[in-house]
Structures are given as structure tokens and as C-alpha cells.
Amino acid sequence: MNISKFFVGAVFFLFTAQMSLVHAQSGNQILDGIGETGMIARYIFDGDAKDWSRNNLHARAYGEIDFKDDEQFKKVLSLPGDGKSYISIPGESVQSEESISIATWVNFQSKEPGQLLFDFGKDNRTHFFVAPFGTKEQEGFQAQVILDGKSGYEVLSPDVEIETNQWVHLALVFDVPSKSISVFVNGQEAGKTENVEMELEDLFTHENLLYLGKPIVSGNPYLKAKIYDFRLYRIPLSEKQVSRIRYIALKGGDAVVRREKPEDNLPKFSSDAPQLYNEFLTGVSDVEVETELGYLPRLPRHVKGTYRDGVKGPEVRVLWPSPIDNSEVTKAGSYVVTGRVPGTDFKPKAKISVKAKQDVKTPDMKLEVFGLNQVRLDSDTDGQQTKFIENRDKFINTLAATNPDSFLYMFRNAFGQEQPEGAEPLGVWDSQETKLRGHATGHYLTAIAQAYASTGYDEELQANFANKMDYMVEVLYKLSQMSGKPTKVGGEHESDPTKVPHGPGKSTYDSDLSENGIRTDYWNWGKGFISAYPPDQFIMLENGASYGTQPTQVWAPYYTLHKILAGLMDIYEVSGNKKALEVAKGMGDWVYARLSLLPTDTLISMWNSYIAGEFGGMNEAMARLDRITDEPRYLKVAQLFDNIKMFFGDAEHSHGLAKNVDSFRGLHANQHIPQIMGALEIYRDSESPEYYRVAENFWYKAKHDYMYSIGGVAGARNPTNAECFIGQPATLYENGFSAGGQNETCATYNMLKLTKNLFLFDQRTELMDYYERGLYNHILASVAEDSPANTYHVPLRPGSVKRFGNADMTGFTCCNGTALESSTKLQNSIYFKNKDNSALYVNLFVPSTLEWTEKNIAIEQKTDFPKADNTQLIIKGEGKFDLNIRVPQWATKGFYVKVNGKEQKIKAEPGSYMTLNRKWNNGDVIDVQMPFQFHLDPVMDQQNIASLFYGPVLLVAQEPEPRNDWRKITLNAKNIGSTIEGNPKTLEFTIDGVVFKPFYETYGRHSVYMDVTLE
């Protein structure tokens, strides 16, 4: 694209996407050693003002500008300083961010005072800027913050001399938690001001002015300079990071993917300092474990300990070595593994006995879920809406107001079809040039199907969603029927999915989706193809294309396809729409045709390609399609999506998760969790036991070695990507707590889905204990107070703030998409039944009504849980069945049951299901009480850093200001609740005058973890 000059009022790239408040990760996994989730936007200015990150924060250029050839950077932006030429960055780029860093290369062409490199703010009275040659009021290099028309804070560097006609690397870091502003010149700190008592929300609002080369205050000169690679980060860069950015650019490089030691300002603790209850520890038990030949043993993460001074401490967390293969168990015999207890000298031993290979049976699927239309969410016993209903209604009501044509826009665009009058495209990851476009449509299909099934309480709402489903399917069916077929009888076409030609006038496949570059020759795409972009990305992936924003790169084509196929099958299953199933079958056939020709080595390479090979749950979708259609080819294609390296170690299936080897450390969490769900789905239909072991082993490791207190399992500083599992199991403090946020919300969505499906096979209480934790403390906590805006990453560092986005459902990241699904199916795991309808499982304590139609029985659950420690079940109808009620692991103060007022003498151990077996009569009442108590959930490798729970509810400190250090609290070792004051009915408590509230009711600044001392 050749661009020379533009004149006043001309815009060379229009920012058409309405960006969500939550920004996604950028184009490469690690850029200059900095994780992609830390980047907001990147403008290289090598011919346009596009954002090279995947956030679509494309800039606008005004006036008479030029892109000039440059000896050092090839092509750069040139601003003439003519009083009319500048760059405008989308104002929402900095909205809701806590800190900000700016880094760029500049070649100044003039030393005129008053020139501003950038000027960012909400208006001419509140803004901040960098003036490299001083201002009219003050000489010398400086950065200034102006608040309400007055100078607020400034960084002065009078000794900095910047020459013209030379490239200089400049950076500014606004570190809010550290209360500092720093400037860097050529990689070195050139000035710093501290005690900055303000936050970015004091500077920015919903509509901001972000100018590059233009002052916000009129009358000042415009910038005369050349600019290259202007970057915005949401994290405070360190001097080392700034220096590295400069160094790599000078070397002509770009991405650095090597793993480096985590670098940040988290407090460090002595490795031998006692932590929490370990201070009172006097002994730790050794253990003996048996395992099968070839299978790594499952070592207990907690073992029994003894304590002094009458302290009744919990079982002791032991950190065991985590082998990367199964070489230790390839021969029968025994060996010893030595673990360690953090902060102590205790080194418990595990004696491992390796037995000859045995025929260990994996479980059959015993339970079934109830349809969403069979479970109704109710108000609590006080007639108040619960958080479940609040969140459901935010999403249901906003979904009802959406226009399906927005979600079909890019599909019609890909097929070269006219748009209906009034149709508007979505933004963010569904905009014109975004390679993931169409992903939100898949989530939307599932959401409207679930909303339809769930809205029996409102006929008008249900009809709304019925119409939306029919309309969406009709359009997608029509488009899919066009693919691979001639536009006129005898016309040119290619129906074979394996013979898709290059696009018209092109000699290669590419991912160019621009208005002028996208191919729309759908007649050449092969029979059955459907997507919001042409088939090139699928073919490019087969040929080794990597993830990124360039036309030679791709972005997870099978991820998007999975969402679409899953949504179509969801609609088919709730409405019986046969066209929805036909579209899914057509694309399933298209995929099978291509993948079945690929060698195993190519498949292994594809599915282990970072992001490019992310396929969501395609294996799950294809196995499900096999079950719906009873056509075995779909199960075959499901197995073509096996991530052989992670599942089985290699093509010979010699180790991997199937043999209990942790093969997912350091990998992208949400790329791989859905693959595990697919393994379980394949097991359901193939009965191949190694698939079950893959799923079950993964879940155990993820929960015990990677989980944060909210239930999320991703968030690494090592590797430097907040969306990855930590690089070494059970090292959350050493390698986790990523700067800028972690715990990607859709990863928890997928963990809950996996957990639910595992429970259908194995009714272990710990599965539903985890489900409750993730549901209450992440999913319910991920939604904004007064809209369906929701979180992408959830920051867990001291004094954090959640960032919410997509309130109006016009621009979706991955987590905005799964939020549609989560909040339209909140009732789906409260109750399960066994296959012959002889037993009912009550898993969650939520006000609700179950219509057990197969037994002509209704169960009404009345409760204020979790603002009360009891629930009541009322039987309506009669019949004999086992009633199984979960006894949570946290219910250590007792679990009491009455039937029709009579106390039952039952054994109800925490972490089990309590069973009542009898013939139930109409009107029978079961009352359950499970007293709450306070307990701590420590970080496994730094146990003094812990979260506070009251029963199942995570309580977080309400913080008055940003902070870098963990809030310190002291509790009584024998009874941690003895010094905590508050009201259990409101779940609001105080410790040393600091308020603690449930995370799901926290919308301001907070601390999830504290530095806890017991005495």
C-alpha cells in the first residue's frame, strides 16, 4: 500500500471499531521479553497508522503527512510541524487502565520549544505530555501532568540534550501503584518524580484526546519529527525492559521468545522463614504410593502434620518434584521421592512402588444433566434477587436487544453479499481486518439457544430468542449452501475442499481481510464451507503459518470454527432446527476432507503452534456431532485434533498426560483446556481409557498445582504471558501473579465445563467443590455492577481493580464471548440425575426449582445461601429415589440434616455426598445446615500470602488506594475468626478497621491476597 501525502481533513485509516474496555493480547506471544497481554497498542508507522496488536486500536492521521524511507528503520512517519498534521489514537485505549507506559523512536527535525511528542488527556485542563525541548514557561526536557488547569506533577531533566536529525528512544512510565512517573532517554532513566498521589482516572474519562504531534492546548507548535514504533503498555515498564526494547530494535530484531527470570516488584521473602501454620509444625508424615508400570504416581499434595501449642493446623502442603517424562517408572520396583515444605526444613518422603501393568478400569458415564428449561432460578427466601438472577438478567435483557445482522455482518462480507439496511458490524475481534472475526457469532448462537431454553418464565422473551435462532440459522444455511457451487449453471467452481485454489489474482494463500484484499469467490471454497473469512487461514495453518497480524500469518481459524459449530448444535438440540445440523455436518465434512490427508507430524506441529493452532474444542464438537448423527467419520475427525504431544507425549503414546506427566506447564491455558474437554468427549464415545486419563490427570494437576484462590489456573510471569500456565508446577509465587492481570475468565469458564463433565463419570465431591469456588468467586465476580460488561483478565496483585468491557455487546474478546454463555446457563449444574432416574444429586445451594419431568416430581430449593449457612428442599410429588447432597470440604463445623423436622443420624464427612434413601411424599421438607467458618487459602510456594474465605465465599480487602505491597493482617492461630468482626448476613467483615467483602460484590480497588501472620 503506497501512501504519500494527505491533506487537512483526510484520514488514511478510519477507526471503525468501537473498542471494548478490556484489551486483548497483542500480536506476538512475547515482544522484547514482555508478555503480549501487557501491550495496549503498537503503531509501527511503516506506511499506515494501523495498530499492530490485535486490539484494533487503529489510529487516524490528519493533515499533510508523509511516510519516508529511512536508513535505519526502512520506512517511518514524518510529521511536518505545519500546525495541522498529527496522529490521533483512539481515546478508549487508556480507559480503565491502572498504569501506562509509552515507548517510541523519534528523530526530531526542530528544537522549537513547546513541541510535544504526545499530549494525552480528557481536555485542555487535564492532560499530560512530554516536551523534549521544554515549554514557553520552562526550558529543558520535561514531562508534565496538568490537573484542572494547574501543574500537578512534573519530571524535569534539564541536563538531557537531544540532537536533531538523530534517532532517539524515548519512554515514559506512569506507575500508579509505585506513585511515580519516570522518563527514559536511550534506555536509561533520565528523570523521575515520586509521591504522585493520583490515578489515571484523574486524567482520563470515557472520551479522551490522545494526540501524537499535536498539543491539546491550542496555540502551541505542532511536532516536526520522524516517528517509528510508538507503543502503549498497560504495565509499568522497568528500566531493564525499556533498555531491552531499544537494544533489540538497534539490532534489527523484533520478538524475543526466550524465557527469562520474572522481573517485577513483588515483595520477596526468605525461603526459610516459617509461613502460616508451618511456624507451629513439628512433624510431617511420609507416604507410600503405588503406581502402574509406565504411569507416574499421583503424589498427595497435602499430607498429615503435627503441630505444637495446641494449634490444630490443616494438612501440610508438600511440593514434590515434577518430572517431564515417565522414565522413573519404566521398570517394576520401588524408588523414593523427596518433597519439601515451604519455609521449613521438613522433607517428607514418598516411597513409590511400581507394579506390573494392570487392567485398571476407567469409569462409565453415570449421570445426566437436566435441561436448562427444567431448572428455574428463584429469588432468595427474603424475596430478593440473587447474584445469579442479577447477572442472568443483565445478559438476557441485553441479548434480547441485539441485532442478529451485526453477528452475521462479516459472514455476508466474506461471501460478498449485500448487507441488510441498518446492519452494523461488530468491533474489536470481529472487525473487518481481524482474523478471528466470527468468533463472537459462535458464542452468540450458543447464548441465544441457552436464553431460549431458560426463559420459560417470560413468553415474550422466549419468542424473541426463538426468532433470533431461526434467523441466524437461515442466513448461515443459505451461505453454506453457496460454498463450492457455481453461481450459474455450468459456471466455474470447486466443490472439493482439498482443492481450494488461490484467490482471484493471487499466487499464494493469504489472510488479507481488508475491503480491497479479501477474496469472496465462495464458489471455489469447497462444499459445505462456512466462516466469517475465506478458507485461506485453514490452508495456511497446514503449511506452517504462525500467529500474528500480517497477511502471511493466521489467528486460530479452528478456534472460531469450533464456536460456530458448537452454537449450531446447541440450537439444534434446543429447537430441533435441522438446518442448523446440516450446516454443522457440512463444515464437519469439509474439515474431515482436509485433515484426513495430513500426516501425523503435520498435525502435531499444527496443534502445538502457539495461538495459530488453537482449535478451541473442535475435538469435542466433532465427537458431539458423531453422537448426534451416529456417523463415525465425525469421531475420526475428532481424533485428528488430538494434541498428541500434550496428551500422549509422542506419536508412540509413550508418556504425556495419559501417563500422568505434566506436559502443559508454560503453555497457553485457554488454548489447551478445551482440548482436554474434547479428550473426555472422545472417551465418552470411543471408550478408549487413555482419553479419560488425559482429562482426569489434567484436572488434578491444574487444580492443585496451578490454581489461584478465585479458581483461575492461568497467569504467569514465567513465561512472561498472563494467559499461560506457570513454567514450573506449584510455583505460583515464584512464577505467577503476572503484571497487568491473570486468570483469563474464559479459562475458568472452560475449567468449570471440564469439571462438570468429569463429575458425570466420577462423583468425587472435590470436583463440585472446585466448581462452586470458580462459579462464585470468578464467574459471578466477573460481571460489572450495572451492566453485562465483564472481565477478560482478573488482576490479583495488591490493590487491584477489575476492568470490565463490552457492556453493549458490540465488540467481543474471547472472554466477552464466553460470558454470554456463562450467564445464560447459571442453573446448569445445580442438580444432576443418574441415568435410570433413581438418584438425584444436589450440587449447589442456589434458590431454584427443578422440574424432574421423568419422575413427575419437582424440587424447590429455598435459601439465602451464601448469606445464610442453610438450605431447604421441598418435594412436590412422590416417588422413591436417593437424594445425594454435597457436603462441602469447607463444612468442617458440621453438616446437619432434618427431614420433616426430625434430625437425621447420618455420617456427613466434609468432602463427600450425604445420601437419603427413601420413598418421598408430596410436601416432604429437607432442612440442611452447614455452619460457615473462616479459613485461609495460601499460595502453595509462599503460604503467608493467602486469601480469606468464609465458607465458600472469597472475602477481599477493600483498598482506598493503589499499592505495591501485600496488605498485612494478623490472625489468631487457634481461631482465625476470633479477631474478625462483621455481619454474616451481609458477608461484610472488618479486620483492623479494613472492610472485607465478597469478591463477587467488589467493584472498586481491592486485595485478593494478604500477607498473613498467625500468632
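Residues numbered from 1 in each chain as written. Predicted model: local features only at pLDDT ≥ 70, side-chain atom pairs only at ≥ 80, totals over all residues. Heavy atoms only, no water.

### Quick look at the overall build of the protein
So, point 1. Along its length, the protein carries 18 helices and 49 strands.
So, point 2. Computed over its C-alpha atoms, the radius of gyration of the protein comes to 29 Å, within 12% of the 31 Å expected for a compact globule of 1015 residues.
So, point 3. Across the protein, the fraction of contacts at a sequence separation of at least 24, relative to all contacts at a separation of at least 6, is 70%.
So, point 4. In the structure as shown, the protein presents an accessible area of about 37300 Å², 44% of it carried by carbon and sulfur atoms.
So, point 5. When the 106 basic and 131 acidic side-chain charges of the protein are each reduced to a single mean position, those positions are 4 Å apart. (Helix = DSSP H or I, 4+ residues; strand = E, 2+ residues; numbered from the N terminus. Rg over C-alpha atoms; globule rule 2.2 N^0.38 Å. Contact = heavy atoms within 4.5 Å. Areas by Shrake-Rupley, 256 points an atom, 1.4 Å probe, with all protein chains shown as cover. Lys, Arg positive; Asp, Glu negative; His and termini not counted. Charge placed at Lys NZ, Arg CZ, Asp CG, Glu CD.)

### Observations regarding the packing of aromatic side chains
So, point 1. What the rule picks out here adds up to 70 aromatic pairs.
So, point 2. Geometrically, the ring pair formed by phenylalanine 845 and phenylalanine 865 is edge-to-face, given 5.3 Å between the ring centres and 65° between the ring planes. Of this pair, phenylalanine 845 sits in the loop between strand E32 (839–842) and strand E33 (848–852) while phenylalanine 865 sits in the loop between strand E34 (857–863) and strand E35 (870–876); the two residues are 20 residues apart in sequence, bridging distant segments of the chain. Assigned by exposure class, phenylalanine 845 and phenylalanine 865 land together as buried.
So, point 3. Of the aromatic side chains, those joined through ring pairs into one cluster are Phe415, Tyr522, Trp523, Trp525, Phe529, Tyr533, Phe538, Tyr558, Trp590, Trp607, Phe615 and Phe641. (Phe/Tyr/Trp six-rings, centres within 6.5 Å; stacked < 30°, edge-to-face > 60°. Buried < 20%, exposed > 50% of the residue type's maximum accessible area, 1.4 Å probe, protein only.)

### Let's talk about the sheet that holds strand E9 (residues 118–123)
So, point 1. With respect to topology, seven strands assemble into an open sheet ordered E4-E7-E16-E9-E10-E11-E12, the strand pairing being antiparallel. Of all the strands in the sheet, just strand E4 (60–62) and strand E12 (150–157) have a single pairing partner and so form its edges. Looking at each pair of strands side by side, their axes are set apart by 15° on average, direction ignored.
So, point 2. One ladder, built from five bridges, connects E9 with strand E10 (residues 126–131); its direction is antiparallel. Bridged to phenylalanine 120 within E10 is phenylalanine 128. (Pairing = 2+ DSSP bridges. Axes fitted to C-alpha atoms, helices over the stretch in contact; angles between N-to-C directions.)

### Observations concerning the packing of helix H3 (residues 404–414) against helix H4 (residues 439–454)
So, point 1. One can describe the packing of H3 onto H4 by two numbers: an axis separation of 9 Å at closest approach and a directional angle of 140°. The angle between H3 and H4 places the two elements in the oblique class. Pair H3 / H4 crosses with left-handed handedness. Contacts between H3 and H4 involve Pro404, Phe407 and Phe411 on the former and, on the latter, Ala440, Thr441 and Tyr444.
So, point 2. Looking at the contact of H3 with H4 residue by residue, the class counts come to five nonpolar, one polar and no charged. (Parallel < 35°, antiparallel > 145°, perpendicular 65-115°, else oblique. Left-handed = near helix turned anticlockwise from the far one by under 90°. Nonpolar A, V, L, I, M, F, W, Y, C, P; charged D, E, K, R; others polar.)

### Quick notes on the environment of leucine 603
So, point 1. Along the polypeptide, leucine 603 turns up in helix H9 (residues 600–607).
So, point 2. Taking the C-alpha atoms as reference, leucine 603 lies 32 Å from glycine 741; in sequence the two are 138 residues apart.

### Notes on H3
So, point 1. For H3, the buried fraction is high: eleven of the eleven residues fall into the buried class.
So, point 2. Along H3, the residues that are buried comprise Pro404, Asp405, Ser406, Phe407, Leu408, Tyr409, Met410, Phe411, Arg412, Asn413 and Ala414.
So, point 3. Those residues of H3 that are buried lie in contact with H4, helix H5 (459–482), helix H7 (557–575) and strand E30 (811–812).
So, point 4. Count one or two residues on from H3 and you reach glycine 416, which has phi positive near 65°.

### What to know about the pairing of strand E36 (residues 879–887)
So, point 1. Counting buried positions along E36 yields seven of nine residues, so the element is predominantly enclosed.
So, point 2. Looking at chain direction, E32 and E36 are connected through four bridges and run parallel. Counted as the bridge partner of tyrosine 841 is asparagine 884 from E36.
So, point 3. Pairing of E36 with strand E39 (residues 912–920), which is carried by nine bridges, proceeds in the antiparallel orientation. Bridge pairing in E39 places lysine 880 opposite lysine 919.

### Quick look at the nonpolar core
Nonpolar side chains in soluble globular proteins generally cluster together in the buried interior.
So, point 1. With 251 residues, the main nonpolar core has Tyr558, Leu595 and Ile926 as its most contacted residues.
So, point 2. Every residue in contact with tyrosine 558, bar those within four places of it in the chain, is listed here: Phe538, Leu541, Val591, Leu595, Trp607, Glu614, Phe615, Met618 and Phe641.
So, point 3. Listed in part, the 52 residues of the second largest apolar core include Phe133, Val155, Leu203 and Phe230. (Core = buried A, V, L, I, M, F, W, Y, C linked by side-chain atoms within 4.5 Å.)

### Here we look at the pattern of salt bridges
So, point 1. Tallying each qualifying case throughout the model produces 53 salt bridges.
So, point 2. Of the charged contacts in the structure, one is a salt bridge between glutamate 194 and lysine 192, with a shortest N-O distance of 3.9 Å.
So, point 3. Residues aspartate 309 and arginine 308 are paired through a salt bridge, measuring 2.3 Å at the closest nitrogen-oxygen approach.
So, point 4. A network of salt bridges, in which partner residues are shared, links Arg298, Glu696, Asp762, Arg764 and Glu766. (Salt bridge = Lys/Arg side-chain N within 4 Å of Asp/Glu carboxyl O.)

These results come straight from atomic positions and should not be treated as a statement about function.
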